[in-house]
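What follows is each chain in one-letter form.
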Amino acid sequence: PRGNDGTKWQEKDGFVPTGKITNRTNAEVEEECQKWVSKYPVWKASGPNCQTFSEDLFEFLTGGKLPFKEMAHLRLGPEKHAPAVWLRERNKPGDFTAENIVSRWVDL
């Protein structure tokens, strides 16, 4: 399957299964996304940003919090979450040193 941005799941680095489901309709999700963008029209590195959006959308969809520290937290975030499934093992974070982080992004 392809995402709305045209990417295939196989093109993603990985995902974290949460065991959560939603009963929200597509219309409700679209409306919530439009509200969020109206509330936060400017992306900021320190937030709100794509990580903030992901956390807020997860909470809207499931009524719960993400089962890990915030998305951008390199030591406790989804990258280190036990059930994370890595589709591209080479992009799985290892030691969080500046050199490893830079080489990971330069290699893309």
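Treat the numbers as computed from the prediction; the structure is a model and nothing was measured.

## Considerations on unusual backbone geometry
Most peptide bonds adopt trans geometry, and most residues besides glycine take a negative phi value. For the peptide bond that leads from Gly47 to Pro48, omega is 0°, which places it in the cis range. By secondary structure assignment, the location of Pro48 is in the loop between helix H1 (26–39) and helix H2 (50–62).

## Topic: the confidence of the model for the chain
Reading fine detail from the predicted coordinates is not recommended where pLDDT is low. Averaged over all residues, the pLDDT of the chain is 75; the fraction at 70 or higher stands at 61%. Per-element confidence in the chain is highest for H1, whose mean pLDDT is 95, and lowest for helix H3 (residues 98–106), whose mean pLDDT is 53.

## Let's talk about the packing of aromatic side chains
For the coordinates displayed, the defined rule picks out 2 aromatic pairs. Arranged with centres 4.8 Å apart and planes meeting at 50°, the rings of Trp36 and Tyr40 form a pair that is tilted. You can call Trp36 buried: its relative accessible area is 13%. Ring plane angle 75° and centroid distance 5.2 Å describe the contact between Trp36 and Phe53, whose orientation is recorded as edge-to-face. Here Trp36, found in helix H1, pairs with Phe53, found in helix H2; they are 17 residues apart in sequence, far enough to count as distant.

## Overview of the environment of Glu32
Relative to the helices and strands, Glu32 is located in helix H1. In this structure, the C-alpha to C-alpha distance between Glu32 and Phe60, residues 28 residues apart in sequence, is 8.1 Å.

## Re the pattern of salt bridges
The final tally for this structure, using the stated rule, is 2 salt bridges. For the salt bridge of Glu31 with Lys35, the shortest nitrogen-to-oxygen distance reads 3.6 Å. Of this pair, Glu31 and Lys35 both sit in helix H1, 4 residues apart, which is roughly one turn of that helix. By relative accessible area, Glu31 is classed as partly exposed at 43%. Among the residues examined, Lys35 registers a relative accessible area of 49% and is labelled partly exposed. A salt bridge links Lys65 to Glu59, with the nearest nitrogen and oxygen atoms 3.0 Å apart. On the accessibility criterion, Lys65 (61% relative accessible area) is exposed.

Criteria and cut-off values
Residues numbered from 1 in each chain as written. Predicted model: local features only at pLDDT ≥ 70, side-chain atom pairs only at ≥ 80, totals over all residues. Heavy atoms only, no water. Helix = DSSP H or I, 4+ residues; strand = E, 2+ residues; numbered from the N terminus. pLDDT = per-residue confidence, 0-100. Phe/Tyr/Trp six-rings, centres within 6.5 Å; stacked < 30°, edge-to-face > 60°. Buried < 20%, exposed > 50% of the residue type's maximum accessible area, 1.4 Å probe, protein only. Salt bridge = Lys/Arg side-chain N within 4 Å of Asp/Glu carboxyl O.

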